[in-house]
Each structure stands twice: as C-alpha cells, then as structure tokens.
Amino acid sequence: MPPRPQPSGDSSNRGRGRGGARGGARGGGPARGPAIPAAGRGAPVARGGLPDASSHITTVGVKRTGFGTSGRAITVHTNHFEVKIPEGNIYHYDVILPSEKALPARLNMEIIARLQTVTAPQVFTPRAVYDGRKNMFAARELPFGPSKAQEFEVTLVDPPSPGELAQGGRPPKAYKVKLKHVATINPEVLSRFLEGKQSHDNAVLTAITALNVVIRMEPSLKYPFNVRSFFTDRERKDIGSGIELWRGYFQSVRPAIGRMLINVDISTGAMYKPGPLLRIASEVLGPVEFGKLNSCDARARVRLQRFLSGVRIVVEVPGQPQTGRRPPRVVKRLTAHPANRLEFTNRQGQVQTVAKYFEQVHNYTLRYPGMPCVEVGSGALLPIECCTIFAGQIMRKQVPPERTKDVLDFATKRPADRLNSIRAGLGVLAYGQSEYVRQFGLMVQPNATPVSLQARVLDPPVLQYGQGSRQLTIKPRDGAWNMIDKKFFRPATINRWCIAIFERDTRFTRACVDELIREMLKAFASVGITVNETDPVYKWAESGADVSSFLRGIGGACFQKNGKRGGPDLIVAVMPESSSELYMRVKHFGDITQGVATQCLKGMKCSRAKPQYFANVCLKINVKLGGINTIPDARSVPVLTDPHNPTIVMGADVIHPAPGADGRPSFTALVGNVDSDTAKYIADCRVQTSRQEMIDDLEDMATGMIKMYQGYRTGVERKPANPKRIIFYRDGVSEGQFAHVLEHGADYLSLTGACAATGVQAKITIIVVGKRHHVRFFPGQSDADRSGNCPAGTVVDKDIVHPTEFDFYLQSHSGLLGTSRPAHYSVLYDENGFTPDSLQALSFALCHVYARSTRSVSIPAPVYYADIVCSRAKNHYDPEGGMDFEGSGAPLDQQQQSDALQAFKAGFKPLNASMRKVMYFS
C-alpha cells in the first residue's frame, strides 16, 4: 500500500447541497409569488396561445400578454423535437447518502446503479432514474411499505471470499443509501401548464425535472457526462497541453406553448488526455519547465498542480504486471519535496523516503527521484512515474488561452452542418431504445424532424453621425455599416498625447513610429477628432523596466514638451505579442493610478496596417476621451428617446472564478447611460463573495449612476434631471435562479432604494439576458445571410417560448463563423407595461450602440459593456501586490478561503475619479 503522511490538523468539509431542478424548467425551487409588487401584469389580449388571464395563474416573471407583430416573416427550423409526455403518475424519492462529505455525481450514479442491478433488483423493477444528487423518480411506487422509506447498504465490488478474508483481505467499503417517498407527480399538471391553465409552481418544476432525469439516465450510465451533456470518443481531437476534445450531445426537456419539446444540440467536452502521468506532465509544461520539475521547481510544480488537481489516476508501476483491480485515486496536490527527500512514517513506525519505500516494497528504483510526488485524496503519496490517467475524464477547468482557438475550431460548425449533426445525434441519443424512456411513457418519434416555426426580421434603427458627414444618417444592412465619409456624432479633442513603445526597437523601428503617427493623425482627421499636437513624444521601454515608472516618465516628458500646460490626454502603448501581464500593468496605471486614457496596440498589427485598422482604433479612443461615436435616430426608436420619458438603461453582470479556484472572489459590474440618446455610458465595478449571483452593492452602484445621469442632463444637455424609466438588463442569472431573484427582490429593491436616495420616481423594468443556452435557428436558403445564419434582427416569441411568461429570442447580429446564438430575453418585472414589439425594438436598437464596432452585437450594449468591465476587474489590483487569481489548484479549507477572499476585497482599488465619466472600458 502507498505511503501516507501523518494527519495534521482537522479538515472541514462542505455540506451537501440539495439537487435542484436543472435543465428544462426554470427554477430549482418553488415558484412562489415575488416579494415585490406584481406590476405590469395587466389583463391579456384574448389571442391564441396566451396564458389564462386569471390572477390565480401565477408566473415567476411577467405573464405574457401578447405577441409581437412587427417585421417581415420568415420560416426557420430550430433544434427542438416534439415529445409526448407520460400519462401515468411519477413517484419522487429523496436520495440520502449519509456520507461525511458530498460524493461526486459520477460515484453516486455508480452506487445507485449497483443498488438497482445487484443489491436489490427485485425492488427496482422496472428501474428508477436518478439525477446523481438527491432526486430519484420511479414509474411505479416502490414497495417500501407504510413508512414509504427504506435503507440499503451498497458495495461497489463483490465482497471477498472467506479464503481471501483469511489471507488478510479487507471487506469492500459499504455505502448506506436511504430512499424516502416525497411526492407523487400527476402529469396532468404539466398538460395544464403547457396550455397556460396552471401556475408555474413546484409541482410543474418537479415534473419537468423528472422528464429531464429520464432522458439523461441511459447516457449518464454509458458516457462521461456533466449536468446536461454527455460526451463520446467517436469524434475527438488531440489539441496538446494534455487535453483532447470530445464531441458531445446536449439534451434538455423544455416546456413550450401547448407542447413539450426536447432541445438537442452538439457540444464540446475538454477531456484529460489518457496515458502515463509523466508523459502528460511533459506535454503540459513543455520541455524546459518539465526539466525544472525534476529539481522540484516551485513554479513548474504549481502550474502542473493546477492542471492535475481533481483528476483520477490509477497506480501502475512501470514494467510490473497489474495485480487485481486497483481503485482510481483523486489527485489532491503535488508535494513540495521530491520522492528521494519526501519522508513519511510507515506502519512499523519507521521513517523512510517514498523512493526508498518503492524500492523495498515494489522492487522498483525510481527513474525520476527528483520529481515531486502526487498526494491523492486518501493521503497516499505516489511517484509521478507510477501514475496513469485513464480515459473519459472531463476537465472542469478553463482551457489555457493558447488552446482556445483549437477549441473554437473543433466546436464551430456552419448552420447546415450543425443541423445535420443534430439530426444524426438523435440516433446516438436513441430515445426509443432506452428502457428508462420507454417505461416512463415518454415518446419521441424515431424519424422526428426539427420543429419548424415562423420568425420575424425586425427593421434596424437608423443611426445618426456628426456634422461634416457626407450622409448624416445610415441604416445598417445585414447587421453592419461602414464609416466612410462619416464624422463622429460628438468627436473628442486631443490636446497632448504620447507613445510608449514596449516592443523592441529592432522590431518596431523609428520608421514604424513615424508611420504610426502619420496614420493615426490621418484617421483622427477622417472621423472628426481634433488633435492639437502632431509630433507626440515617443520612447522605447528598456527590457524589464518598471511599467508604472516608465509611463510616468513619458507623461512627464509630454508635460515638459508642452510648456507644463498639462500631461497627456492619451497614451498609446505599442505592445509585443503575448503581453497580457504587461497589458494589465498599463491599464492599472491609466485607469486606476493616474486617470489617463490608454490605448494598447499590438506592434505586429499596427505596423503597415490599413486605414480600416486605425478607423477601428478611433472608435475606441473617441469614447475613452468622452466623445460619442453614433446615436440611434430619435424617430426610429421613439421608445428609447421619448423626451417625455427620460430613460436610463442599465446593464449588470456578475463573473465568477474558474472551477476549482477556491478563495477567489466574484466581480460585479453595473453600466448605465448618462445621455438622452443611450449612447454614452459609465461603469462601476466591485468585488464580492465568491459565486454569489446577487449583487451586494447594487443600490450604492445604481445611486451613483443616477447621480451621474442627473449631473450630465443638467450640466451638459440642459434638460430636466430626473429619469422617468429605468430599464435594467441583467446578465449572469440562469433560468433556475429567476424565482430566487424575484422572491428576494434584491435587484428591484436595490433600484427602488437608489431612486429614493436620489429623489427619483421612475418605473422599473427588469429583463434577464441569457446567452448560455442551446437554442439555435436555421433559416431557409433564401432567407440566410452570407454565413448561412438567420439575418440580424430575427426574433422568435412563439412556438418554442415559455407557455406563460413574457420571453423571446432575438438574434441581433449577423453571422461570421459557425452558427449564431440568439440571446434569450426574459422579462422578470415590468412597471412600464412595454408591449412585445416595443421591448423587442428597443433591445435590438441597443445592440447597435456598441461603440467598439460598426456591427450590431449579440446583446444590448450596456450588458455587453458590463461583461467587459467584469472581465477587466483584475486591472483594479496592484500588479506588484502578488494577487494570485488562478490559485495553486490545491484545495483550501474554509478559513483559508475566507482569508484569501478578504485579501482580494482589501486589495481592490477603485477607479480613478477622472475615469468615472468616460467609457474607459471600450
């Protein structure tokens, strides 16, 4: 048996979380009425497909009152297939595995499969389905007697024979499982819900959860899986760095108007590459760092540890045959000391090294005694060269940035190819062959075709440019337009600027600098930006120079050159390739420390670049300096620019740390417009408790935003100060959390609190924008754009949408590569009483005011900006402060996590005051 270190201190384990409803329905809990007034839920128009208007039919969000009618009609296919729901009752059981810690879903599935097939097959006939956590569903009531509960003891392997026990064999580990009947589900509630005659309550949620568990049971037993997808090795690709990609299939039962559908899509799983751990380590680290690992180099060790933590390995001593079935072990961490110096106390009380132990017990002399050992979950210590990763393990970590392109290449499929893969996926899913699907009475036709439906293509808004443009207005076509002969609506002025060059002078020469200045001045003039200095200071940074000191020095040189009238308005930084750390340092100096606009350019890209490149750079520079690029024409979007109803549009997002990054915080962002034209935005960013969806400081952030709006309206626009409407777009909320958001009323109460603090009486609309879904639309050939996707402005608010709630899908951007993903809009709260047409039109218009491009984007600009602000939160930390955003990969106890989180909160530095009024994040 492998050596184990002596236990040191107590370890605390996280409590088991209850398995909620996942996948199909919205919610993981009861759909109780919100704790806030149910505004905007007026009497519906009597139209087909609308829910019952009666007040006793309650919804999580706003009840649907009508459908949109504007735009031209087109027919599209979607990746949904109709499913017939069961007629018989479904019996719901609580699964209790009294363990000292939560077990992985994969292990839970193994335990329940063994229970049904070996331990008590007579009880489970026909077999029940299980979600891997807390929920089991059976097609008939299990024979548990009056108590409706029963306990079982399950072992994953057969017990040893008496002879094996006599020879010192140990009995296998036994898992106690308790099943308790908690509810009987009548599918009639589901039928009534689909017809709009039943509230979106806990019975409905549980019924949809049950159907999802039924369709996922068979593949979950056969293939590697995550919550809603499973992966097969029929199509795979080795992308290096110890990772291979597997093609997967996503499936989710979803309620729609009048029917139940299965949403089927292809997905991509990043898997650990199987093989000897030594070989995988070499791939992950590369030859140079792998060589350093042999001397237990700390940096190489931590990098490998991040990759390996959580992976399961088996012990295989090289050159020796396998003896019996060795159970997989979970990698916890890599040891700081190498095998030839790492000592432990063996069972005889003797101290020896791991290397010596393997030599004595396994008759194996380590080839790499200078390498660290693997510490597994049980505490055993294993030399790296004696470990093997086995196939089919999902990597639940972020793929390294240098491999992102490989993942995109593998995942990207043009619409026609994707639809064909989805059709073929029905054969892999084989619903008709699943004993679980059949016994529950679910039915998907073997030759089922994707649902066909009518969509509409909305008219794009007219965009307005500035004085001096050959054409003051332009109407986008196919989600795009150009800036030829256009001046910005409100161009900025640059009095002083300088160029900081971090690329080597042999690669970015003086001639390159002269060309850069010449082309930038031309581009500034073409878009209307006034530049009062045509010969800016420029300087090359020495290798290893302190970035902050260098930038302060070049700013000082600009100050001296311009007669001490002021420092630079803009610093252009010319960057080398692979400069993410350098970028963070430049942005920290500009946005946090000094309060000066910075524009980073890759040296390779800006050298001999075309005018279009510099025109795109100007889009970013203008708004960073307080300018406005373009605005939606007031006549084309009256709902946004109505002078009688001044409107603030806000976008909010929360970004969470990567899986396994314990003790790292979540970051929140709020972005809102300050102008009447919803084109000029400001932002606020905060740090908060890890993986928390509610935004702690939303009231304070919104209060500041309303005050800035009031100041801009009175000081710049000379208009009445107070907004009358707040339209709040929220990202980062899954469908399962809608009820949670409304029940606690956190977002709404924060916004009303901000209104009260600023003396504002505004009506509030809250819309959740979802991007992490698998709904896709496939147009006919005559309606497709050049990429084969639906045209920009395609909206769907019938057929596949929620049976009772106000939601719609809008694909607001034109396709480039692969199959475009529409955004899913769910209206959670609406005091403004927007019609579907008005809300769809204003959402589409807001996708056109994204300052960084001349294309419409996939979600409204304010929520897109909030996403960017969250992703830039790292720039708020001092680059010299040693904050580790990735973590070591080793598990932390509760106290360590708490201490790390407090350090992140304390180290977060606020935005420089001069940056708060401009779009520094562009």
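Right above here is the structure, for reference.
Residues numbered from 1 in each chain as written. Predicted model: local features only at pLDDT ≥ 70, side-chain atom pairs only at ≥ 80, totals over all residues. Heavy atoms only, no water.

1. Quick look at empty space enclosed by the protein
Enumeration over the complete set of coordinates arrives at five cavities of 30 Å³ or more. If you go around the largest cavity, you meet 15 residues; those closest to its centre are Asn629, Thr630, Val849, Tyr850 and Ala851. (1 Å grid on protein atoms, 1.4 Å probe; cavity = no way out; pocket = protein on both sides within 12 Å on 5 of 7 lines; lining within 4 Å. Points joined across faces, edges and corners; volume = space filled by probe spheres on them.)

2. Focus: the sheet that holds strand β36 (residues 807–811)
A sheet is described by the order of its strands in space; here 11 strands give the open sequence β31-β30-β29-β32-β33-β37-β36-β35-β19-β1-β34, paired in mixed fashion. One side of each edge strand has no neighbouring strand; the edge strands of this open sheet are β31 (681–688) and β34 (777–779). Within the sheet, the average angular offset between the axes of one strand and its neighbour, ignoring direction, is 30°. Pairing of strand β32 (residues 725–730) with strand β33 (residues 763–770), which is carried by six bridges, proceeds in the parallel orientation. The residue bridging Ile727 from the neighbouring strand is Thr765, located in β33. (Pairing = 2+ DSSP bridges. Helix = DSSP H or I, 4+ residues; strand = E, 2+ residues; numbered from the N terminus. Axes fitted to C-alpha atoms, helices over the stretch in contact; angles between N-to-C directions.)

3. Remarks on the packing of helix α11 (residues 510–527) against helix α15 (residues 611–624)
Their axes nearest at 9 Å, the elements α11 and α15 cross at an angle of 65°. One way to sum up the angle between α11 and α15 is to call them roughly perpendicular. Relative to α15, the crossing made by α11 is right-handed. Counting all contacts with α11, which are made through Leu516, Glu519, Met520, Ala523, Phe524 and Val527, the residues of α15 involved are Phe614, Ala615, Val617, Cys618 and Ile621. Here the residues of the contact of α11 with α15 are counted per class, giving 10 nonpolar, no polar and one charged. (Parallel < 35°, antiparallel > 145°, perpendicular 65-115°, else oblique. Left-handed = near helix turned anticlockwise from the far one by under 90°. Contact = heavy atoms within 4.5 Å. Nonpolar A, V, L, I, M, F, W, Y, C, P; charged D, E, K, R; others polar.)

4. Comments concerning the packing of aromatic side chains
A complete count under the given rule lists 25 aromatic pairs for this structure. Aromatic side chains Tyr357 and Phe358 sit 5.7 Å apart centroid to centroid with 70° between the ring planes, which places their arrangement in the edge-to-face category. Counting every residue linked through ring pairs, the aromatic cluster contains Tyr681, Tyr850, Tyr864, Tyr865, Tyr920 and Phe921. One Lys or Arg, Arg247, reaches over the ring of Phe410 and ends 4.2 Å from the middle of that ring. Across the ring face of Phe67, the terminal group of Lys798 is positioned such that the distance to the ring centre comes to 5.3 Å. (Phe/Tyr/Trp six-rings, centres within 6.5 Å; stacked < 30°, edge-to-face > 60°. Lys NZ or Arg CZ within 6 Å of the ring centre and 35° of its normal.)

5. Quick word on the side chain of His80
Tracing the chain through its elements places His80 in strand β2 (residues 80–83). A relative accessible area of 1% means that His80 is categorised as buried. Residues within four places of His80 in sequence aside, it is in contact with Arg254, Leu261, Ile262, Asn263, Thr449, Pro450, Val451, Val775 and Ile800. (Buried < 20%, exposed > 50% of the residue type's maximum accessible area, 1.4 Å probe, protein only.)

6. Focus: the pattern of salt bridges
Where charged atoms of side chains with opposite charge meet at close range, the side chains can pair. What the rule picks out here adds up to 37 salt bridges. Close ionic contact of Arg418 with Asp265 constitutes a salt bridge, the shortest N to O distance being 3.0 Å. Pair noted here: Arg418 is in helix α9 (residues 415–429) and Asp265 is in strand β10 (residues 259–272), with a separation of 153 residues, a long-range link. Asp265 carries the same exposure label as Arg418, and that label is buried. A salt bridge links Arg686 to Asp700; the nearest nitrogen and oxygen atoms lie 3.0 Å apart. With a gap of 14 residues between them, Arg686 in strand β31 and Asp700 in helix α17 (residues 698–717) connect regions that are remote in the sequence. Judged by relative accessible area, Asp700 falls into the partly exposed class, the value being 47%. One salt-bridge network, held together by shared partners, links Asp684, Arg686, Asp697 and Asp700. (Salt bridge = Lys/Arg side-chain N within 4 Å of Asp/Glu carboxyl O.)

7. Some details on helix α21 (residues 861–871)
Within α21, eight of the 11 residues are buried, which leaves the element mostly enclosed by the surrounding structure. Within α21, the full set of buried residues consists of Ala861, Pro862, Val863, Tyr865, Ala866, Ile868, Val869 and Cys870. Contacts made by the buried residues of α21 are with β29 (647–655), β30 (666–673), β31, β32 and α20 (836–846).

8. A few points about the environment of Glu699
Tracing the sequence through the fold places Glu699 in helix α17. Sequence separation between Glu699 and Gly595 is 104 residues, and the spatial gap between their C-alpha atoms is 25 Å. When residues no more than four places from it in sequence are discounted, the contact partners of Glu699 are Leu749, Ser750, Gly753 and Ala754.

9. Things to note about the sheet that holds strand β3 (residues 90–96)
Overall, antiparallel pairing links the five strands, which are arranged β4-β5-β3-β7-β6 in an open sheet. Strands at the two margins of the open sheet, each flanked by one partner only, are β4 (129–130) and β6 (149–155). Pairing analysis gives four bridges linking β3 to strand β5 (residues 135–138), with the strands arranged antiparallel. Residue pairing in the sheet places His92 in a bridge with Phe137 of β5. Lying over the sheet, helix α1 (residues 105–119) contacts β3, β4, β5, β6 and β7 (174–185), oriented at roughly 100° with respect to β6.

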